[in-house]
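# Structural description and commentary
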Amino acid sequence: MTQTQRLELPYRSIPDMFLHRVAETPDARALGRPAPDDAGEPIWMTWREVGERARAIGAGLTTLGVRPEDRVAVLSSTRLDWILADLGIMLAGAATTTVYPTTEPEEAVYIVADSGSKVLFAEDRDQVAKLAGASLPDLTAIVLIDGAPSGTESVQTMTLADLEAAGAAALTADPGLIDGIVEAIDGDRLATLIYTSGTTGRPKGVELLHAGWVWEGRTQQDTGLLNIDDLQYLWLPLSHSFGKTLLCGILYVGLPTYVDGRVDKLIDNLGKIRPTLMCAAPRVFEKVYNRVVTGAQADGGAKLKIFTWALEVGKRASAQRLAGREPGGLLKLQAGIADKLVFAKLRARLGGRMRAMVSGSAPLSPEIAEFFFAAGLPILEGYGLTETSAGSFVNREGKARIGTVGQALGDLEVKLDSDGEVLLRGTPIMRGYHNLPAETAAAFTEDGWLRTGDIGELDEQGYLRITDRKKDLIKTSGGKYVAPSHIEGLFKSVCPYTSQTVIVGQARNYVTMLVTLDPDAIKGWAEGTALAGRSYAEIAASKEAEELVAGYVKELNARLNRWETVKKFTILARDLSIEDGELTPSLKVKRRAVEQSFAADIDRMYAGSLAEI
């Protein structure tokens, strides 16, 4: 399926789009942040205030010698200052190099060096320390968001306030400085370098252009994904393409957005901020699901029966709505009771005003999606890659199909290769990999289609179903193909105590599974037993936990083909983490890294397996 009518873009670039936003709604609420020490109400800035600060930052960068398409890196957690820095970089005509705050020093040095970044915005001196002693000939200045320079830095280092003061002086001397720079920026100019989290080897810098980001902003409005009347909660890593594409939607549409990257504060803050829209990785929705289901199981008795009944009713009612019909008769009456007894309480915990939630960056289990739809909290699953400026497909409100990632955005062209690989072509596709011509050439077909590396299916209405990563498909020694993400997602929906699962079986004679448990859920389960108060590792190693998981594995296997069934499993002594290199910052599992970290556990599951054939 292809779409040929080209989408008209009303803006030439991100800074052009931003300045139009400031001019159109200068006094509207724009971006919010938490109050210092969380004491009091959030602090909000108007678009006029955001524009003034971003202009000062952009002008300040020109005083440091930053010129069009020079790279400027940002090494910080998600916060409002990250957005101000990024907008300032855009207004200076430069390109933003994104660096995750959890990046290890060696990789941070590599990204700053490979990108040729001239200036670095660093959250604090701890982040600056990651570059200590490194050879970075292109880096001429560091700007600290928090704290003051130590005086021992090898390059010019200043505070963000110092940079803005220098920029304000430059604008006094030349009021048209920023407008002149922005006027010269076209859509085919480099806007962003985002380094992919590779499972092996060095990350690749993805070159993304201004036109692609403006396209993302427009398509988010066109699909109704973002509305001016929404209040968005933005916690996603802004170093990730998902966060960046949402920022472009915010600029295009103008909706107010609360910015707070502290994941540990997310659930509590949802009740305070009361957003109508939130985008997240599946792990966030899985944790909410786990908390609700295990809480109901812990209550037991009549409460568990009511919950189970309400969930069954809710699923039947939401299935009717997804099919375009409102429940009637007895089902309508039952759905109202179920909502009052169970689902309204869950919605209240998430602020009580949530219009929609969007899931991306990794597959979402259909069963978990069904749970949220039943609760009146629709999750609109989407799909995209860093190489496609993040947003490529998304389910529309009122037209969602669970188990799919929706339909293509805008005029994006899509087709399936002979082996089922999803191929994409259009405005948001990357220019290429930075300094890697061979890898760039390999990423495209001869006629210019991007190879996504994902295997999918398209239906007659253009809804895309991703069945697995091409490189992740497992072929057992018996010649059978197994799609690990399908089994992993299914197990997460079956077992509410799960944090992560990794299916193993490549060139093996049967399938096995590594399991980590949700620390909060499993400690709640242990209360009232002999395991109460024990550490995660002690609970995970217990016979009781093994028996618990074994029951869920049996339930899982009943829903799989014979060659897919999990013959053995291991509960790992700790959860997977970004810090240990097993998860990307967007919470995707790095399969190869996990298999290396837990090679001994895997070997034990296959010990003597030849004798079992």
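So, here's what we can say about the structure. Computed from a prediction, not measured in an experiment: that's the story for all the values here.

Attention now moves to the pattern of salt bridges. This model, assessed by the stated rule, comprises 40 salt bridges. Where arginine 451 meets aspartate 417, a salt bridge forms, and the shortest distance between an N and an O atom there is 3.5 Å. In this pair, arginine 451 is assigned in strand β20 (residues 450-458) and aspartate 417 in the loop between β17 (413-416) and β18 (421-425), connecting sequence segments 34 residues apart. You can call arginine 451 partly exposed: its relative accessible area is 34%. In this structure, arginine 574 engages aspartate 580 in a salt bridge whose closest nitrogen and oxygen atoms are separated by 3.2 Å. In this structure arginine 574 comes out as partly exposed when scored by relative accessible area, which is 30%. A single network of salt bridges, built from pairs that share partners, joins Arg33, Arg79, Asp81, Glu123 and Asp146.

Turning next to the side chain of glutamate 564. Mapping glutamate 564 onto the fold places it in the loop between α19 (543-557) and β26 (566-571). At 10 Å, lysine 567 is the nearest oppositely charged side chain to glutamate 564, a buried residue that forms no salt bridge. There is a polar contact of 2.9 Å between the side chain of glutamate 564 and the backbone nitrogen of asparagine 561. For glutamate 564, the contacting residues outside a window of four places in its chain are Val482, His486, Ile487 and Val511.

Moving on: the sheet that holds strand β8 (residues 190-195). In a beta sheet, neighbouring strands pair by backbone hydrogen bonds and run either parallel or antiparallel. In spatial order, the strands read β7-β6-β5-β3-β4-β8-β9-β19; together these eight strands make up an open sheet with mixed pairing. Strand pairing shows two members of the sheet lacking a second neighbour, β7 (156-159) and β19 (432-433), which therefore form its edges.

A few words on the nonpolar core. Membership of the largest hydrophobic core comes to 130 residues, with the highest contact counts inside it found for Phe18, Leu61, Phe121, Met278 and Phe372. For this core, the element with the most residues is helix α3 (residues 80-91), which contributes nine residues. Those residues in contact with phenylalanine 121 that sit more than four places away from it in its chain are Ile57, Leu61, Val72, Ala73, Val74, Leu75, Ala85, Ile89, Val143, Leu160 and Leu163. In this structure, Ile474, Ala540, Ala545 and Leu548 belong to the second largest nonpolar core, which totals 30 residues.

This paragraph deals with a nonpolar patch on the surface. Together, Ile306, Trp309, Leu330, Leu333, Ile337 and Leu341 give the surface a local cluster of nonpolar side chains, amounting to about 540 Å² of exposed area. If you list the elements that add at least two residues to the nonpolar patch, you get α12 (301-322) and α13 (329-349). Element by element, the count of residues in the nonpolar patch is highest for α13, at four residues. Position of isoleucine 337 among the secondary structure elements: in helix α13.

Analysis parameters
- Residues numbered from 1 in each chain as written.
- Predicted model: local features only at pLDDT ≥ 70, side-chain atom pairs only at ≥ 80, totals over all residues.
- Heavy atoms only, no water.
- Salt bridge = Lys/Arg side-chain N within 4 Å of Asp/Glu carboxyl O.
- Helix = DSSP H or I, 4+ residues; strand = E, 2+ residues; numbered from the N terminus.
- Buried < 20%, exposed > 50% of the residue type's maximum accessible area, 1.4 Å probe, protein only.
- Lys, Arg positive; Asp, Glu negative; His and termini not counted.
- Polar contact = N/O pair within 3.5 Å; in protein donor to acceptor, adjacent residues only side chain to side chain.
- Contact = heavy atoms within 4.5 Å.
- Pairing = 2+ DSSP bridges.
- Core = buried A, V, L, I, M, F, W, Y, C linked by side-chain atoms within 4.5 Å.
- Patch = residues over 30% accessible without salt bridge, like charges linked within 9 Å, V, L, I, M, F, W, Y side chains within 5 Å.
- Areas by Shrake-Rupley, 256 points an atom, 1.4 Å probe, with all protein chains shown as cover.

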